[in-house]
Amino acid sequence: MSTRKPEGYLDGQPLHPETLMMGYGYHPKLSQGAIKCPIFQTSTFVFESAEEGKAFFELAYGLRKQGPNEEMGLIYSRLNNPDLEILEDRLTLWDEAEAAAVFASGMAAISTTMLTFLRPGDVMIHSEPVYGGTDYLIKQILPLFGVRTFGFPAGASEDVIAAVIGRAESAGRLAMIFVETPANPTNTLVDIEACARLARAHSGERRVILAVDNTFLGPLWQQPLKHGADLVLYSATKYIGGHSDVIAGVCLGPSELIGQVKGFRTILGTMAGPNTAFLLMRSLETLKLRMTSQMKNARYVADFLADHPKVARVHYLGQLSEDDPQHEVYHRHCSAPGAMISFEVVGGEAEAFRLLNALHLIKMAVSLGSTESLAEHPASMTHADVDPEERMEMGVTPAMVRISVGVEHPEDIIADLRQALDRV
Ligand SMILES: *Cc1c(COP(=O)(O)O)cnc(C)c1O
């Protein structure tokens, strides 16, 4: 359930998120009439009286219940800051979440969330592959804190995931199911609804938390909370930021869970600063425009690649065949195929490298979701750390190239790929 403010409605009807991105949660009257929310570049906030300071701290530390019309006062920018709070209000609108917490990076969001809900002796299951930083956190860092983790392949059936839970539960108490969908770089989808059913079935006194990293398709094309996820995570560095100029992360969900995450965020100090929040608010104004333009461009690019004789295979959600079990999951979970395309050139690493080195317009860089198109070689770059055998099992071959399609004219993106493929 959303806790949208009265200004989010017109004549009793909720306004659309894209309409609200320009001003929701911000009152010009409080900032000299400035139409845009200024950057509150301040570490601390002045109390009007000792009594006020005391009241603010009572709420911050949960020493008493919040009054019906009482708002949490501003104390110190590690706890709260106007830019962060307004940005968080806006972020809730796309996913129809009750609450949001913004972080200094996607990894800060993921690690803080895991530390909030995992305890020594717990086990966590997760889809595979996941983002490299997340993979390291799961396999190298969580075990140091007494948390054991078990993977299941993205695309696995409910029965296979249930069997992995069975194995995990013989090692400890299941506390979290962590899912990244679509999986990078293969675009394989995880059935969020199946994971939600399993999380409920295995919840006892403590709820098994289903957390979904929705960086690739969200918040426009997939909304995991609507499919039973408890928490949604983002690297806001990608589509939400969208201009390759900011690192940030988000966690969204029910107020009760986000309150706990924010408690950990305050102490771990993983929040974003006001300047980052300002940049993200500016980015949110064009989020739908950018993601729609990128998605449309990607359709043209994927069609071009699928027809090219030097391309062996294209991994793109807009080209799933009807007899593929993924087709049904796609139609249940996603409203558009996004703008991430992986494809294999005919040949191997040498051919993939020749293509990458011949690109002019498309920049060779990791990261994704920005206005400019980017290309990279997963096997030797983003997934270089994955065990080579596992990498092949995941379908990440030496011939694979991943592209994040930007907002340029699609004919120019295709022309660049065409001339580069000619040199392969
Ligand atoms: C980039 C990314 C992350 C990590 O985010 P940072 O902002 O780089 O910390 C996590 N998950 C996915 C899917 C990503 O693409």
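Scoring rules and cut-offs
Residues numbered from 1 in each chain as written. Predicted model: local features only at pLDDT ≥ 70, side-chain atom pairs only at ≥ 80, totals over all residues. Heavy atoms only, no water. Helix = DSSP H or I, 4+ residues; strand = E, 2+ residues; numbered from the N terminus. Rg over C-alpha atoms; globule rule 2.2 N^0.38 Å. Contact = heavy atoms within 4.5 Å. Areas by Shrake-Rupley, 256 points an atom, 1.4 Å probe, with all protein chains shown as cover. Salt bridge = Lys/Arg side-chain N within 4 Å of Asp/Glu carboxyl O. Buried < 20%, exposed > 50% of the residue type's maximum accessible area, 1.4 Å probe, protein only. Patch = residues over 30% accessible without salt bridge, like charges linked within 9 Å, V, L, I, M, F, W, Y side chains within 5 Å. Lys, Arg positive; Asp, Glu negative; His and termini not counted. Charge placed at Lys NZ, Arg CZ, Asp CG, Glu CD. Phe/Tyr/Trp six-rings, centres within 6.5 Å; stacked < 30°, edge-to-face > 60°. Core = buried A, V, L, I, M, F, W, Y, C linked by side-chain atoms within 4.5 Å. Domains from an automatic or database assignment. Pairing = 2+ DSSP bridges. Axes fitted to C-alpha atoms, helices over the stretch in contact; angles between N-to-C directions.

Engineer: How should the overall build of the protein be read in this particular structure?
Structural biologist: Helix and strand counts for the protein stand at 14 helices and 14 strands. In terms of overall dimensions, the protein is globule-like: its C-alpha atoms have a radius of gyration of 22 Å, near the 22 Å expected for 424 residues. Projecting the C-alpha coordinates of the protein onto the three principal axes gives extents of approximately 75 × 55 × 40 Å. The contacts in the protein between residues at least 6 apart in sequence include a share of 71% that link residues at least 24 apart. For the protein, the exposed area adds up to about 18,700 Å²; of that, 55% sits on carbon and sulfur atoms.

Engineer: Teacher, can you tell me more about the pattern of salt bridges here?
Structural biologist: Two side chains that carry opposite charge are able to pair once their charged atoms sit near each other. Counted under the stated rule, the structure contains 19 salt bridges. A salt bridge links D230 to R200, with the shortest nitrogen-to-oxygen separation between them at 2.9 Å. Note that D230 is positioned in the loop between β7 (209-213) and β8 (231-235) and R200 in helix α7 (residues 192-201), a separation of 30 residues in sequence. For D230, a relative accessible area of 5% puts it in the buried group. With a closest N to O distance of 2.6 Å, E328 and R332 form a salt bridge. One end of the pair, E328, and the other, R332, are both in helix α11 (residues 325-333), four residues apart, so they sit about a helical turn from each other.

Engineer: In this structure, what is going on with a negative patch on the surface? I would like to understand it.
Structural biologist: On the surface, a cluster of negative charge is contributed by D387, E389, E390 and E393. A relative accessible area of 68% means that E393 is categorised as exposed.

Engineer: Can you walk me through the packing of aromatic side chains in this structure?
Structural biologist: Geometry of an aromatic ring pair is reported as the spacing of the ring centres plus the angle between the planes. Going through the model one piece at a time under the given rule, you end up with three aromatic pairs. Note on F47 and F57: the rings are 6.3 Å apart at their centroids and 80° apart in plane angle, and the pair reads as edge-to-face. On the criterion of sequence distance, the pair formed by F47 in the loop between α1 (17-20) and α2 (50-60) and F57 in helix α2 is long-range, its members being 10 residues apart. For F57, a relative accessible area of 31% puts it in the partly exposed group. An angle of 35° between the planes, with centres 5.7 Å apart, marks the rings of F57 and Y61 as tilted. Each member of the aromatic cluster is reached from another via a ring pair, and the members are F47, F56, F57 and Y61.

Engineer: Whenever I open this one, the nonpolar core confuses me. Can you help?
Structural biologist: Nonpolar side chains in soluble globular proteins tend to be buried together. Grouped together as the largest cluster of nonpolar side chains are 73 residues, with contacts concentrated most on L91, V301, L305, I341, F343, I403 and L417. Tallying contributions element by element places helix α10 (residues 287-307) first for this core, with eight residues. Of the domains in this structure, domain 1 (77-284) and domain 2 (287-421) are the two that each give at least three residues to this core. Core analysis: the next-biggest nonpolar cluster, separate from the first, contains 26 residues, A99, I138, A175 and C251 among them.

Engineer: Can you walk me through unusual backbone geometry in this structure?
Structural biologist: One can expect most non-glycine residues to show negative phi and most peptide bonds to be in trans. Following N184, the chain continues to P185 via a peptide bond in cis, the omega torsion being 5°. Locating P185 in the fold gives a position in the loop between β6 (173-180) and α7. Omega for the peptide link from G218 to P219 comes to -5°, which places this bond in the cis form. As for its position among the elements, P219 is in the loop between β7 and β8. In this model, D11 sits at a positive phi of 50°, which is unusual for a non-glycine residue. Examined against the element boundaries, D11 turns out to sit in the loop between β1 (9-10) and β2 (13-14). Of the residues examined, D11 reaches a relative accessible area of 79% and is grouped as exposed. Of note in this structure, E96 is not a glycine but carries a positive phi near 50°.

Engineer: How should I be thinking about the side chain of R90 in this particular structure?
Structural biologist: With respect to the helices, strands and loops of the structure, R90 is situated in helix α3 (residues 82-95). The side chain of R90 is buried and forms no salt bridge, while E285, the nearest opposite charge, is found at 5.0 Å. Apart from the residues lying within four places of it in its own chain, the contact partners of R90 are L20, M21, M22, G23, Y24, Y26, M281 and L284.

Engineer: Help me understand the environment of P337, please; the structure alone is not making it clear to me.
Structural biologist: Along the polypeptide, P337 turns up in the loop between α11 and β11 (340-345). A residue is classified by how much of its surface remains accessible, and P337, at 2% relative accessible area, is buried. Counting along the chain gives 115 residues from P337 to Q222, while the straight-line C-alpha distance between them is 9.4 Å.

Engineer: Got a minute to help me understand a nonpolar patch on the surface in this structure?
Structural biologist: Judged by side-chain polarity, L115, Y136, I141, L144, F145, F264 and L268 come together as a nonpolar surface patch covering roughly 660 Å² of accessible area. As for its placement among the helices and strands, L268 is situated in helix α8 (residues 255-268). According to the relative accessible area criterion, L268 is partly exposed, its value standing at 43%.

Engineer: Looking at this structure, how should I read the sheet that holds β6?
Structural biologist: Adjacent strands of a sheet form backbone hydrogen bonds with each other and so pair up, either parallel or antiparallel. The seven strands lie next to each other as β3-β9-β8-β7-β6-β4-β5, forming an open sheet whose pairing is mixed. In this open sheet, the two strands that pair with only one neighbour each are β3 (99-103) and β5 (148-153). Averaged over all neighbouring strand pairs, the angle between strand axes comes to 20°, with direction disregarded. Those strands touched by helix α4 (residues 106-117) are β3, β4 (122-128), β6, β7, β8 and β9 (249-253), and its axis lies near 150° from that of β8. Across the sheet, helix α6 (residues 158-169) lies against β4, β5 and β6, angled at about 165° from β5, the strand it touches most.

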